[in-house]
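# Structural overview for review
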Amino acid sequence: MAGDDDELLTIGEVAKLDGITAKALRYYDAHNILKPAAVDPATGYRLPATDTIPPIKCLTSM
C-alpha cells in the first residue's frame, strides 16, 4: 500500500504517462501482477502510486 506522501493517479493518467493501456493495467491487477496502491471505495477506481510507473515500464518492455 502506498504511503501518505505518494501521489495517486488514475489508471488513465498512468496509462498516458507510461504509454500503456488502462486495459493492460486492469489485466495486471486482475492477475496479481501489479496491484494498485489504493482503490476508491466509492467508485472502484484503481489508483496506482507514481512510484509504480518504473515497474510498469519493465513489464511492457518484455
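Below you will find a few notes about this structure.

Calculation notes
Residues numbered from 1 in each chain as written. Predicted model: local features only at pLDDT ≥ 70, side-chain atom pairs only at ≥ 80, totals over all residues. Heavy atoms only, no water. Helix = DSSP H or I, 4+ residues; strand = E, 2+ residues; numbered from the N terminus. Buried < 20%, exposed > 50% of the residue type's maximum accessible area, 1.4 Å probe, protein only. Contact = heavy atoms within 4.5 Å. Areas by Shrake-Rupley, 256 points an atom, 1.4 Å probe, with all protein chains shown as cover.

We now examine the overall build of the protein chain. Helix and strand counts for the protein chain come out as 3 helices and 2 strands. When the elements of the protein chain are put in sequence order from the N terminus, they spell out α-α-β-β-α. Within the protein chain, buried positions represent 34% of all 62 residues. By sequence separation, contacts in the protein chain at least 24 residues apart represent 58% of the contacts at least 6 residues apart. Put simply, the protein chain shows about 4,200 Å² of open surface, and 56% of that area lies on carbon and sulfur atoms.

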